[in-house]
Amino acid sequence: MSWWGKLLGGTFGFLLAGPLGALIGAALGHNFDKGLGSGLKGFAPGAQERVQTAFFTALFSVMGHLAKADGRVTEDEIALARNVMQRMQLDDGMRQTAIRLFNQGKQPDFPLEDVLHQFKLECHRRRNLMQMFVEILMHAAYADEHVHPAEQAVLESVREILGFSPQEFRHIEALVRHARHFGGASSRGADAPSPQAVLQEAYEVLGVQATASDAEVKKAYRRLMNQHHPDKLVSRGLPEEMIRLATEKTREIKEAYELVKRNRPKK
C-alpha cells in the first residue's frame with residue numbers, strides 16, 4: 001500500500017509535522033529525517049496519501065482519547081477499537097501502530113483540539129471524509145451503551161472544530177443508532193425498540209420527515225448513497241482499508257430506505 005509504505009519510509013511525518021506528525025512518529029518509533037529521497041510529490045498538502053495517513057492517525061488517537069474521557073476504558077470500548085481494526089483487515093504492523101495511537105490518545109496531555117484542527121486542515125474540505133470520521137467515533141462512544149457526559153464533551157469538541165451543525169450531528173447519530181439496531185450491537189438486556197421507533201429512526205437516517213413526499217425520500221436516499229460511495233471516499237482520502245466500513249454504511253442506508261418504502265402509504 002503506497003501511503004503506508006511511504007509512512008514507514010519516514011517521508012510523511014517529516015512533511016506533515018504538527019501534532020499528527022508527532023503522534024505517528026512516536027507510534028512508529030521512527031526518525032522522520034530519513035527516507036526523503038523520493039515520493040515527496042505524493043505527500044503535498046491535500047494529496048490523497050497524505051490525507052489517508054492523517055485520517056488513520058487522527059482516528060485511532062482520538063478514539064483512545066474518547067474511550068478514556070470518563071476515566072476508564074471499558075472492555076466494550078477496547079473490543080470496538082479491535083473490531084474496527086479487524087474490519088479494516090490491518091496487517092500486524094498497521095494494527096500495532098493503531099494500538100499505539102489509541103494508547104497515546106489515552107494520555108492526559110493528549111492535544112485533542114490541536115489534533116482536530118490539523119485533521120480538518122489536512123482534509124481540505126473533504127466533508128464526507130470528516131463525516132465518516134465522526135461516525136466511527138460515534139460508534140466508539142456507544143460501545144458500552146452509555147455516552148458519559150465527558151464523552152459527550154469530547155464529541156461536542158469534534159462537532160465544533162470540524163464544523164458540523166447540531167442538526168448534522170443528530171443525523172449522524174441516527175445513522176449510528178440504526179446501524180447498531182440492525183447489526184445486533186444494541187443494548188444487551190435492554191428492550192428492543194418498537195417497530196414504530198425503528199421506522200422513525202429510518203426516516204432520521206434519510207434526513208427527512210415522515211410527511212415528505214416519495215420523491216423527496218428518494219432524493220434524500222440517492223444523496224446519502226452518493227456521499228457514502230466507497231470509491232468516492234477513497235479518492236478523497238479514506239484509507240483503502242476502510243472500504244469495507246464505507247460499504248457497510250451504504251448497506252445501512254439502503255436498509256433504512258427499504259424500510260421506509262415498505263411503510264409508505266399506498267397510493
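Residues numbered from 1 in each chain as written. Predicted model: local features only at pLDDT ≥ 70, side-chain atom pairs only at ≥ 80, totals over all residues. Heavy atoms only, no water.

A. Just the overall build of the protein, in detail. A count of helices and strands for the protein gives 14 helices and zero strands. Element order for the protein, N to C, with α for helix and β for strand: α-α-α-α-α-α-α-α-α-α-α-α-α-α. Burial statistics for the protein: of 267 residues in total, 49% are counted as buried. Of the contacts made within the protein by residues no fewer than 6 positions apart, 78% connect residues no fewer than 24 positions apart. When the accessible surface of the protein is split by element, carbon and sulfur atoms take 51% of a total near 12700 Å². (Helix = DSSP H or I, 4+ residues; strand = E, 2+ residues; numbered from the N terminus. Buried < 20%, exposed > 50% of the residue type's maximum accessible area, 1.4 Å probe, protein only. Contact = heavy atoms within 4.5 Å. Areas by Shrake-Rupley, 256 points an atom, 1.4 Å probe, with all protein chains shown as cover.)

B. Highlighting the nonpolar core. Counting 56 residues, the largest nonpolar core has Phe60, Met63, Phe133, Val134 and Leu137 as the members making the most contacts within it. Top contributing element to this core by residue count: helix H4 (residues 48-68), with 11 residues. Other than its neighbours up to four places away in sequence, phenylalanine 60 contacts Ala81, Val84, Met85, Met88, Ala98, Leu101 and Phe102. Ala202, Val217, Ala220 and Ala256 belong to the second largest nonpolar core, which has 19 residues in total. (Core = buried A, V, L, I, M, F, W, Y, C linked by side-chain atoms within 4.5 Å.)

C. A look at the environment of glutamate 135. Relative to the assigned elements, glutamate 135 resides in helix H8 (residues 127-141). Sequence separation between glutamate 135 and isoleucine 172 is 37 residues; the distance between their C-alpha atoms is 6.3 Å. Ignoring any residue separated from it by four or fewer positions in sequence, one finds glutamate 135 in contact with Ile172, Leu175, Val176, His228 and Lys249.

D. Structural context of the pattern of salt bridges. Summed over the entire model, instances satisfying the criterion amount to eight salt bridges. As a salt-bridge pair, arginine 50 and glutamate 122 come within 2.8 Å of each other at their nearest N and O atoms. Linking arginine 50 in helix H4 with glutamate 122 in helix H7 (residues 112-123), this pair joins segments that are 72 residues apart in sequence. With a relative accessible area of 7%, arginine 50 lands in the buried category. Ionic pairing is found between glutamate 255 and arginine 251, a salt bridge with its closest N-O pair at 3.1 Å. One end of the pair is glutamate 255 and the other is arginine 251, both in helix H14 (residues 243-262) and four residues apart, which spans about a single turn. Relative accessible area serves as the criterion here: at 41%, arginine 251 is assigned to the partly exposed category. (Salt bridge = Lys/Arg side-chain N within 4 Å of Asp/Glu carboxyl O.)

E. Main features of helix H5 (residues 75-87). The end-to-end C-alpha distance of H5, which contains 13 residues, comes to 18 Å, matching closely the 18 Å that a straight helix rising 1.5 Å per residue would cover. Turning to H5, its buried residues number three or more, namely Glu77, Leu80, Ala81, Val84 and Met85. All buried residues of H5 fall inside an arc of 135° around its axis, so they share one side. Residues of H5 that are exposed and angled more than 90 degrees away from the buried face: Glu75, Arg82 and Gln86. Positive backbone phi, approximately 55°, marks glutamine 89, located one or two places after H5. (Expected span 1.5 Å × (residues − 1). Arc of directions from axis to C-beta.)

Scope: geometric values only; no functional claims are made or implied.
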